[in-house]
Each structure stands twice: as structure tokens, then as C-alpha cells.
Amino acid sequence: MTISTVADAPPPIPAAPDAGGRVTDHRGSWVPNGAMIATRFMELRKRRGLMAALILVNIGIPVVFLTVRLIAHAVAPHSYGPAGGYDIFSSMVAGVLFIFGFIVAATLGCTAGSVDLTEGMFRHLVVTGRSRLALYLARIPAGLAIIVPLVAVGFAFVCTVCVLAAPTQLSFNNVNVPVGLSKPALETWAAGHVDEVICNFGFNIGPNSDLLQVVNSVPCGGGNGPSVKVGPGAPTSTPVSRAQVEDAARQIAALNYTNYSGRFLSPSNSLMVKSGLWIELYAAVGFLIGLGLSSLMGQRTVPVILLIVLEIVLTPLLSHSPITHLINLQRALVGIAVTHFEPGGLPSVFGGTHNGATGMAGVTESTTVAICVVVGWIIVWTALGAWRMVKRDA
């Protein structure tokens, strides 16, 4: 008795043309059809351990964190602040969703690019006559159909809590300040709240400043003035008038207006939309890089580790400050390039100021360079992954 294996099977014979001379068998086309994409989607979705890990990281972390804040504020509102608000939103977006969204997407991409090899199904797919390039390209929409909704759900939960559970008063330097004041309006408000402004707002004056005697004349917490905020020197015995104190409060408020103008009770609609698109962009880039890298290496574990090291270690390390001889290498990192598109009003992710983001001066680049870097990473890793898929022995 002879046993025939898949390897012994003859190659598929292309279908004969129909009466009109058209070939109805499109298995050799490099363009994936809907059935191929649906198969790849189901292949990834049925991996329960992977899906549970993705949901736990991308949705579970924000849900647990914000739920704990909601409960704590409900139990002890005087000890714990509101669960939402602009500050919580900006911290969650820049500190959690952006970074973990990339890691989750890269993990899914590494799985999609290596699952056929690790499970021994690659040979069976090849003998069906399907184009290897189509087999690779089908993984892109299938994976994005999973990662994009996951990121969107986690982000939507953060937006909902931060808007509905936002504080009712703006706390600026531990002082309740009206929201949305112009600079003259803030100065006018400061003139009517001189004690709070002088004792709590941040400022720095020298020993020879005219404000020294004025600020030292205002008692703060039982002391003789905010001495920690001023330079050395002692106030003179000249009496200080109320007009001088109000004028000092106006000047201090003017010094703090830049920081004040960037504070809100809750994130605006435009900021939430831009932030959501920005996070989705980075997640899509992470998926495509993971897909190409895992296909090139033929496994999942090492590519996942490499991309986590890239995101957690290398990118923050190289983006914190420019290095003269490595500036082009720093600008070529995809994480630094994507932060160039960070919406204004969010804290800088890796350090540096990008498009209005607050933070220390770090690595900067033009918009054209940032676009080229992001597109280059996508094209290069997609091309390498597809090339390895086409050339790999079955």
C-alpha cells in the first residue's frame, strides 16, 4: 500500500479559460480576496490566550485604574480627587495607551506573521496554489480589524470617564481658579486673591527685586512670606500698601499664565479625536512592523522581545536629548517620528517638545522627515516580510 503525502501532491493545475477566454481561477493573484482575509481574521481571533492578553493590557489596565479612582472618590471625596479630567486624560493617553497600544499591536503582528510556521500550516497553504504574496497581504487587514477596535474601546472608556467624572473646579497650584480666563482676566482675578496667588503660585525673584519686600509682607501659613520662592534678602521697614500687593499678585499671575492656559477641566472634543487617531496610527505601525519582522525571522518570541526593548528602552533613551553624532539615527526611530504628530496639549511621551507638547527639549525633526520615517518603516518591514514569505521553502 502506498501512502501519499501533501509534499508528494502535484502542483495545482490552473483552470481553463471559459468561453469568453477569461480565466476564472484567481488563486495565483497577489491580491487577497475576502475569504482569505476572513480566514486570517478567524485564525487570530480564535487564539483565546492571545486575545485575552490583548484585552487585559489594552482595555483592562485603563478600566481597573479608572474604576479604582471612581470608587476612591465616591468613598472619600475630600481625600481623593475626581477620577477624570484633563490631567488624567493626558496622563493616560501619553503614558499608557500610546506605549501599550504599540506593544499590543506589535505582539499581534508577530503572531500573525509567524503562526503558519509555528503550527506547521505553511506547506498546506502553499500547495493550495494561493499566491504567497496574497497570503502575506491578507494578514494586514485581518490584523488591523482586530487591533483597531481594541485600541478604540480602551480609548473610548478613558474619554468617557475623563469627561463625565471631570472636576468642577480647576485646581492650579492648589488654588481653585476659574477656567478659561484671558491673561488680563487672570491678572484681575489675582488682584482679588492676593494671598492665594503670592503664597501658592510659582515664581522666582532675585534679592534686588522690587517684589521682594511686597511678597515677604504677605503671611503664608503663619510664616513671614513665601521665602522659599525668593532670593536672599530681608524686607525693609517701609510699609507696603494694598495697591503694591495687588500689583505683585498681577505680575505673579502673568508669569504663570502660560502654564495656566494649558489647563482644562476636561479634554476638548478636538483633542480627543486627534489623540484617538494618533494612538491608532502608532498601533497600526506597530502591527505592520511586528508582522514584517516575525515573517522575516520565522518566529514570534524574539521579534516581540526586540520590539518591546525598542519601545521601552531604546526609544526613551535616545529621544531624551539630542546626541550630535547620532542625531540622524535618533530621528530615524519610528517612535520619535510618531511623537512629532502628538496633539498639542498632551505631555511629551519620550521627552522633548513635539507640536505643542510640554516637556524638556529633546530630539526634534521636521514634519517631512517624520512622515518619511514612518512611511519608510512601514514599507521596509512590509517588503522584507513579504519577500521572506515568497522565498521561504515550503
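Everything below is about the structure printed above this text.
Residues numbered from 1 in each chain as written. Predicted model: local features only at pLDDT ≥ 70, side-chain atom pairs only at ≥ 80, totals over all residues. Heavy atoms only, no water.

K.L.:
Help me understand the overall build of the protein, please; the structure alone is not making it clear to me.
P.N.:
If you tally the helices and strands in the protein, you get 16 helices and two strands. Across the 394 residues in the protein, those meeting the buried criterion constitute 41%. Long-range contacts, defined as pairs at least 24 residues apart, comprise 75% of the intrachain contacts of the protein with a sequence gap of at least 6. Accessible surface for the protein amounts to roughly 19800 Å². Of this, 64% is attributable to carbon and sulfur atoms. (Helix = DSSP H or I, 4+ residues; strand = E, 2+ residues; numbered from the N terminus. Buried < 20%, exposed > 50% of the residue type's maximum accessible area, 1.4 Å probe, protein only. Contact = heavy atoms within 4.5 Å. Areas by Shrake-Rupley, 256 points an atom, 1.4 Å probe, with all protein chains shown as cover.)

K.L.:
Looking at this structure, I do not really get the nonpolar core. What am I missing?
P.N.:
When a protein is soluble and globular, its nonpolar side chains tend to lie buried together. Of all hydrophobic cores here, the largest spans 70 residues; its most connected members are Phe 89, Val 93, Phe 98, Leu 108, Phe 155 and Trp 278. Listing elements by their share of this core, those giving two or more residues are α2 (48-75), α3 (86-118), α5 (132-137), α6 (139-164), α12 (269-297), α13 (301-319), α15 (334-339) and α16 (367-391). When near neighbours in sequence (up to four residues on either side) are disregarded, Phe 89 contacts Phe 155, Val 158, Cys 159, Cys 162, Pro 267, Leu 271, Met 272, Ser 275 and Leu 346. Counting 25 residues, the second largest nonpolar core, distinct from the first, contains Val 175, Leu 211, Ala 249 and Ala 253. (Core = buried A, V, L, I, M, F, W, Y, C linked by side-chain atoms within 4.5 Å.)

K.L.:
Just checking my understanding: could you explain the side chain of Glu 280 for this structure?
P.N.:
Within the secondary structure layout, Glu 280 lies in helix α12. The buried charged residue Glu 280 lacks any salt bridge partner; its closest oppositely charged side chain belongs to Lys 274, at an N-O distance of 18 Å. Excluding its chain neighbours within four sequence positions, the residues that come into contact with Glu 280 are Val 148, Val 151 and Ala 152. (Lys, Arg positive; Asp, Glu negative; His and termini not counted. Salt bridge = Lys/Arg side-chain N within 4 Å of Asp/Glu carboxyl O.)

K.L.:
Sorry if this is basic, but what is going on with α3 here?
P.N.:
Three- or four-residue spacings in an α-helix give side chains the same orientation, since the helix completes a turn every 3.6 residues. Given a rise of 1.5 Å per residue, 33 residues ought to cover 48 Å, and the 45 Å separating the end C-alpha atoms of α3 matches this to within 8%. Considering bend angle alone, the principal kink of α3 is centred on Val 93 and spans about 35 degrees. The buried fraction of α3 amounts to 27 of the 33 residues, a majority that puts the element mostly inside the structure. (Expected span 1.5 Å × (residues − 1). Bend = angle between axes of the 7 residues up to and from the residue.)

K.L.:
Can you walk me through a nonpolar patch on the surface in this structure?
P.N.:
Residues Ile 305, Ile 308, Val 309, Ile 312, Val 313 and Leu 314 make up a contiguous nonpolar surface patch of about 460 Å² in total accessible area. Among the secondary structure elements, Ile 305 is positioned in helix α13. (Patch = residues over 30% accessible without salt bridge, like charges linked within 9 Å, V, L, I, M, F, W, Y side chains within 5 Å.)

K.L.:
Looking at this structure, how should I read the packing of α6 against α12?
P.N.:
The axes of two packed helices give the description: the angle between them and the distance between them. Interaxial distance between α6 and α12 falls to 9 Å at its minimum, and their mutual angle equals 150 degrees. When the axes of α6 and α12 are compared, the pair comes out roughly antiparallel. As for the relative orientation of α6 and α12, their crossing is right-handed in sense. Each of Arg 139, Ile 140, Gly 143, Leu 144, Val 148, Val 151, Ala 152, Phe 155, Cys 159 and Val 163 in α6 lies in contact with α12, whose residues at this interface are Met 272, Ser 275, Gly 276, Ile 279, Glu 280, Ala 283, Ala 284, Phe 287, Leu 288 and Leu 291. Residues belonging to the contact of α6 with α12 are distributed by class as follows: 15 nonpolar, three polar and two charged. (Axes fitted to C-alpha atoms, helices over the stretch in contact; angles between N-to-C directions. Parallel < 35°, antiparallel > 145°, perpendicular 65-115°, else oblique. Left-handed = near helix turned anticlockwise from the far one by under 90°. Nonpolar A, V, L, I, M, F, W, Y, C, P; charged D, E, K, R; others polar.)

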